[in-house]
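# Topology and contacts: notes
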Amino acid sequence: MNKNEQPILSVRGLKQYFKSGFGRNKLIVKAVDDISFDIYRGEVFSLVGESGCGKTTTGRTIIKLYEPTDGEIFFLGRRIAAGTLSLKEEIKRIKAETKEKLRAITDETEKAKIKEESEKRIAELKAEIEQRKIDTKREDRELMKKMQMIFQDPVASLNPRMVVKEIIAEGLRIAGEKNDVVITKRVNEMLNTVGLLPEHATRYPHEFSGGQRQRIGVARALATSPEFIIADEPVSALDVSIRAQVINLLNDLRDNFGITILFVAHDLSLVKYFSDRIAVMYYGKIVEMADKNELFNNPLHPYTRSLLSAVPLPDPYYERKRVRIPYNPSVHDYRVDKPSFREIKPGHFVYANDEEFERYKKELKD
Amino acid sequence: MNTTNRRVKLSVRDLTVSFRTIQGYVRAVRGVSFDLYEGETLAIVGESGSGKSVSSKAIMGILEGNAIIEKGKIIYENQDLTKISEENFHLIRGKKIGMIFQDPLSSLNPIMRIGKQITEAMLINGKHLKNRLKELVHEPRMKYVNTIQEKKDLINRYKIKIADLKKEGKKEEIAELKAQVKTQLIDINQRIKEAKAELKKQIPMAKKKIKDDWKNEKLKAKEDIKALKEQGAPRQAIRDRKEQLRRYKCVTKKEAKERALKVMREVGIPDPEKRFRQYPFQFSGGMRQRIVIAIALTLDPDILICDEPTTALDVTIQAQILELINRIKAERNLSVIFITHDLGVVANMADRVAVMYAGKIVEIGTVEEIFYDPRHPYTWALLSSMPDLDADSKERLLYIPGTPPNMLFPPKGDAFAERNKYAMRIDFELEPPFFKVTDTHYAATWLLHPDAPKTEMPEILKKRIANMRNKHVLEEVKDNE
């Protein structure tokens, strides 16, 4: 992996809040809270964490199923979605500040100067908000067809009233392909790639087994020849014996087509096997991000350690000795010393405050 | 671990369960036999549709209406659970054999407070006077109910046989069978009549006895209270005496709550007094599973069946729940049947492992034997299809081609032969019997037959097991130092 190369996807300060209720019952759920990462061409980047930590939301926001609350998402160098919360807050802050300043000053000419300055700044921010809104709303099919998603549940994600050919061709049709001969050829090609037969094209999803259905899902994602695939727990709904088929298939896609994959999962042994870099999420934040071997050998954040210690392995002897490390979020004292996401070693990031950062550094040296 | 001289708690022999459907009979379980020893955990592993849940449901007696136990025995405390009546099963289900289900959300009632759900069973089962009546007339009643059950079983078995014979088109045999069943039915009907008459005679006598006892108890309580009042005892003492009288009659709400809070503390629910009044949606997934475990534990069973209790949970929560089950098992000396498809969990929990495929146990042995010395090709495939933490993505995972067989038409011979690259010609024709590897380790595969060609397990698995062994040796050396 070449770090100097431009990332295929970069996420900057992404926030995704969900609001519910009104007035007193108003509740804001911070599903994703200020995360940033880059994904480089040809790599498999994994998001792991417990359910409800926001990993699926991250994937869905990237593919524009949600509009981000704040932060920016760049895909192939273009901004595809951006939120406006921080800009709006900035405007509010500037307005309040100028009010404060104006009250203190009596000189008329100076007052006019300050007013003009703040108005200029606000106008700039407003223009940026408009631009971001346009970027988010724009439907750039040429660009977006390079990004596809594989869903968790192979039963629920395939339309039961469409035959396999229609399912796979849907993306192509939306991307503007009208020639039926081309579509049929492409569908057969895709079925072939995922290890199904051309005669399967006229069947309905219910006629397939779980593993085959998930392969149809993969074929649908591949039809528009994407460069980037978001795989949202693609195997967790499958049986053990079938799981290996789908993982091998995804592995082949990466090796043969050079597809970049964002892999969302909670099964750590699978993540270790399949991915290059791993980010661990906890309650909407990425707490640690590193190369897979680095993360498994030198976990720093207590949550990562707890997560790694909880993985059961098919080895009875190891299991008898395994000690689970419980994680208690109250070990962090973030009242004064505010935490941030920082690089502790080339390629190894951790969410910590100054004091913890120093401690982790020392641990890393030992 | 020496399991041979421990007491057998539950013994399943040649259990066969089928489901009646429009398409025909689905043979879900085809002759499963195993023993559950006291204080051990037996893990049953297999993919979905292998019959692991069905066999556990058969043990609990909660099979769906269209299920038929064709043959086989489930022996618990010298009783055959497949033969005893629903009435009799009430004494066992929950009280002796408890069960934890997969999805903790759907096994709790969303509009009922947690406390009520935990105490519900205690209150319903706690009508002491009614229970006493049942006890007193137990024998004639059981005779009556059992004969009715016998009749039902006879008819069910008869239906299956007829269906089989019709398929083969043997008309004479059908007629013969019909006549045979007719005479049997006449006999059974006669016996039912007799049992009913006997029961009717006994009930009034028992009722009278209970009434007298209750009157005596009331009188005693009255006298006690009188004495207490004369002594000038505190009010609390009088209240307690009244409560005691009530408790003679039934499990009071107060008593049930005390017991529920105790169990809730035992399963690690913080602040149980507050939690007692909350609804399921106010609990997280792990906490909900703890509640389900608490409900199973209130009646103090000695066998606990866990049907994929952690599949719906996260790794960290899963680890907590597994620890909890292990702790409770040790504290209460429970025997646990643990059903799962996660081999990591099996390695953690089990003392012995049974691997199921297409309604049959294909390999059974202690956990070390299954993980370090597997013999059946299906076990090989299962173990090697999992990535382990040392594996590299350059190394392809072995996978099992094809799909499990359709159990409407169970295959001839070895059910796994279709997907097995080691399959021999005999696998497609004859079902393999169990071959003994050690006293505790059996596998049903023709590869173990003395005449079979020498076959080695897949290279990837061999390497992995060698790796695990090496690690242990290294660690042991370190420990000794």
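Below or above, wherever it landed, is the structure these notes cover. (Residues numbered from 1 in each chain as written. Chains lettered and ligands numbered in written order. Predicted model: local features only at pLDDT ≥ 70, side-chain atom pairs only at ≥ 80, totals over all residues.)

## Focus on the sheet that holds strand 1 (residues 9-20) of chain A
Residue and element names in this part refer to chain A. The following threshold applies: Pairing between strands requires that DSSP locate at least two bridges from one strand to the other. Put simply, DSSP marks the helices as runs of H or I at least four residues long and the strands as runs of E at least two long, and each gets a number from the N terminus on. The axes used here are C-alpha line fits, helices contributing only the stretch in contact, and every angle between their N-to-C directions lies in the interval 0 to 180 degrees.
Pairing in this open sheet of 4 strands is antiparallel, and the strands run 2-1-4-5 from one edge to the other. Each of the sheet's edge strands pairs with one partner strand only, and the pair in question is strand 2 (27-39) and strand 5 (78-82). Recorded for the sheet is a direction-independent mean angle of 25 degrees between the axes of neighbouring strands. The pairing of strand 1 with strand 4 (residues 70-75) spans 5 bridges and is antiparallel. Each residue of the ladder has a partner; that of S10, found in strand 4, is F74.

## Some thoughts on the interface of chain B and chain A
Short version of the rule: Each residue is represented by a C-beta atom placed from its backbone, and any two residues with such atoms within 7 Å are regarded as in contact. Throughout this entry, Asp, Glu, Lys and Arg are counted as charged residues, while Ala, Val, Leu, Ile, Met, Phe, Trp, Tyr, Cys and Pro are counted as nonpolar. The remaining residues, Gly among them, count as polar.
Each partner contributes residues to the interface: chain B has 34 residues there, and chain A has 32 residues. Counting residues per element, the ones that place at least two in the side of chain B that touches chain A are helix 11 (315-332), helix 12 (343-349), helix 13 (367-372), helix 14 (377-384) and helix 15 (459-480) of chain B. Here the element with the most residues in the side of chain B that touches chain A is helix 12 of chain B; it accounts for 5 residues. Broken down by class, the residue content of the side of chain B that touches chain A amounts to 19 nonpolar, 9 polar and 6 charged.

## Some remarks on the packing of helix 3 (residues 114-125) of chain B against helix 8 (residues 253-266) of chain B
Residues and elements named next belong to chain B. The condition is simple: Each angle is binned into one of four classes, with values under 35 degrees roughly parallel, values over 145 roughly antiparallel, values of 65 to 115 roughly perpendicular, and all other values oblique. Crossing chirality is assigned from the near helix's rotation relative to the far helix, an anticlockwise turn below a right angle marking it left-handed and a clockwise turn marking it right-handed.
Put simply, helix 3 and helix 8 touch, their axes get as near as 9 Å, and they point 120 degrees apart. Of the possible angle classes, the one that applies to helix 3 and helix 8 is oblique. Helix 8 is crossed by helix 3, and the crossing has right-handed handedness. Side by side, helix 3 and helix 8 meet where G115, I118, T119, M122 and L123 of the first sit next to A256, K257, R259 and A260 of the second. Taken together, the residues of the contact of helix 3 with helix 8 sort by class into 5 nonpolar, 2 polar and 2 charged.

## Some details on the packing of helix 7 (residues 210-222) of chain A against helix 8 (residues 240-257) of chain A
All names here are of chain A. Contact geometry of helix 7 with helix 8 gives a least axis separation of 9 Å together with a crossing angle of 20 degrees. Put simply, helix 7 runs roughly parallel to helix 8. Crossing of helix 7 over helix 8 shows right-handed handedness. The segment helix 7 lies against helix 8, with G210, G211, Q214, R215 and V218 engaging I242, Q245, V246 and L249. Tallied by class, the residues present in the contact of helix 7 with helix 8 amount to 4 nonpolar, 4 polar and 1 charged.

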